[in-house]
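Tertiary structure, described
One letter stands for each residue in the lines below.
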Amino acid sequence: MRLTAFTDYSLRVLMYLAADPDRRATVAEICAAYDVKVNHLTKVVHHLAKRGWVSTVRGKGGGLTLAKPAAQIRVGEVVRDTEGQALPAECFSSEGSRCAIVSQCRLKGVLGEAVEAFHAVLDRYTLADITANRQQLVQLLRFMAPAETVE
């Protein structure tokens, strides 16, 4: 299963914030750390804030923080939230399928089971689990000091 860029960026933003949960980060610095365009990340951050994963503060000294502790954020929940309904094949669509064998096909059940297994694995992990190496992440992402932060 391949995640969309939107989900990938969502997880990256959450990981960035979890790497140093006591400080506010800006969209600009997260973009710089991951070399991602601001307009892409702005949409992601807006969605994450709307869904309660991220808290935002506007103005001078503002920025982003996790809305709840990383240990309470399940990776599977974030993926389901950002990906929407898993549609591994045409026959999963609510609009029906034009496949000639849809009435007798057993592949749909197999793919459905695979999607469930995929989500079950992601549900076993929290944001805290995947950012337990916080010090290394901070070094790799080259966190900026507040004075260096660019809007």
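Residues numbered from 1 in each chain as written. Predicted model: local features only at pLDDT ≥ 70, side-chain atom pairs only at ≥ 80, totals over all residues. Heavy atoms only, no water.

1. Quick look at the overall build of the chain
The condition that has to hold: Here a helix means four or more residues in a row that DSSP labels H or I, a strand means two or more in a row labelled E, and each is numbered from the N terminus. Here, residues are in contact when the closest pair of their heavy atoms is within 4.5 Å. Areas reported as accessible are Shrake-Rupley estimates using a 1.4 Å probe. Residue values count occlusion only from the protein chains shown. In this tally, Lys and Arg are treated as positive and Asp and Glu as negative; His is ignored, and so are the chain termini. Here the site of a charge means NZ on Lys, CZ on Arg, CG on Asp, or CD on Glu.
The helix and strand tally for the chain stands at seven helices and two strands. Helices (α) and strands (β) of the chain occur, in sequence order from the N terminus, as α-α-α-β-β-α-α-α-α. Here the C-alpha coordinates of the chain stretch approximately 65 × 30 × 25 Å along the principal axes. Sequence-distant contacts, at least 24 apart, represent 66% of the contacts inside the chain between residues at least 6 apart. Summed over its atoms, the accessible surface of the chain is roughly 9700 Å², and 52% of this surface lies on carbon and sulfur atoms. Here the chain holds 19 positive side-chain charges and 16 negative ones, and the gap between their average locations is 3 Å.

2. Side note on the packing of aromatic side chains
Geometrically, a pair of aromatic rings is defined through the distance of the ring centres and the angle of the planes. What counts is decided by this rule: Centre distance within 6.5 Å is the pairing criterion for rings of Phe, Tyr and Trp, where only the six-membered ring of Trp is used; planes under 30 degrees apart are then read as stacked, over 60 as edge-to-face, and the remainder as tilted. Relative accessibility thresholds used throughout: buried, under 20% of the residue-type maximum; exposed, over 50%; partly exposed, between the two (1.4 Å probe, protein chains only).
Counted according to the given criterion, the structure contains one aromatic pair. Between the aromatic rings of Y16 and Y34, the centroid separation amounts to 6.2 Å while the plane-to-plane angle is 65°, which identifies the pairing as edge-to-face. Of this pair, Y16 sits in helix α1 (residues 5–19) while Y34 sits in helix α2 (residues 27–34), placing them 18 residues apart in sequence. Pair check on accessibility: Y16 and Y34 agree, each one buried.

3. Describing the pattern of salt bridges
When the charged atoms of two side chains with opposite charge come close together, those side chains can pair. Heads up, the condition is: The rule for a salt bridge is simple: a side-chain nitrogen of Lys or Arg has to be within 4 Å of a carboxyl oxygen of Asp or Glu.
Tallying each qualifying case throughout the model produces four salt bridges. One salt bridge connects R12 with D8, and the closest N-O pair in it is separated by 2.9 Å. With R12 and D8 both in helix α1 and four residues apart, the pair spans about one turn of that helix. Judged by relative accessible area, D8 falls into the partly exposed class, the value being 30%. In this structure, E29 and R23 form a salt bridge, with 2.9 Å as the shortest nitrogen-oxygen distance. For E29, a relative accessible area of 1% corresponds to the buried category. According to the relative accessible area criterion, R23 is buried, its value standing at 17%.

4. What about the nonpolar core?
Basically, it comes down to this: Nonpolar cores were defined as sets of buried Ala, Val, Leu, Ile, Met, Phe, Trp, Tyr and Cys residues, with membership established by side-chain atoms within 4.5 Å.
Among the nonpolar cores identified, the biggest contains 28 residues, and V13, L14, L17, I30 and L66 are the most heavily contacted of them. Elements with a minimum of two residues in this core: α1, α2, α3 (38–50), β2 (63–66) and α4 (75–83). Here this core gets seven residues from one element, more than from any other, and that element is α1. Setting aside residues no more than four positions away along its own chain, V13 makes contact with I30, Y34, L41, V44, V45 and L48.

5. Describing the pairing of β2
Inclusion rule: Here, strands pair whenever DSSP counts at least two bridges between them.
Because side chains alternate across β2, one face comprises the buried residues G63 and T65, and the other comprises L64 and L66, equally buried. Taken together, the four bridges between strand β1 (residues 54–57) and β2 define a ladder with antiparallel strand orientation. Across the sheet, the residue bridging to T56 is L64, located in β2. Adjacent in sequence and paired antiparallel, β1 and β2 are bridged by five residues, among which G59 carries a positive phi angle near 90°.

6. With respect to a nonpolar patch on the surface
Selection rule: Only residues whose relative accessible area exceeds 30% and that form no salt bridge enter a patch; like-charged residues are grouped when within 9 Å of one another, and nonpolar side chains (Val, Leu, Ile, Met, Phe, Trp, Tyr) when within 5 Å.
Judged by side-chain polarity, V121, Y125 and I130 come together as a nonpolar surface patch covering roughly 210 Å² of accessible area. In this structure, Y125 sits in the loop between α5 (107–123) and α6 (127–130).

7. Describing α4
Along α4, the residues classified as buried are V75, G76, V78, V79, D81 and T82. A positive phi of about 80° marks G84, the residue just after α4.

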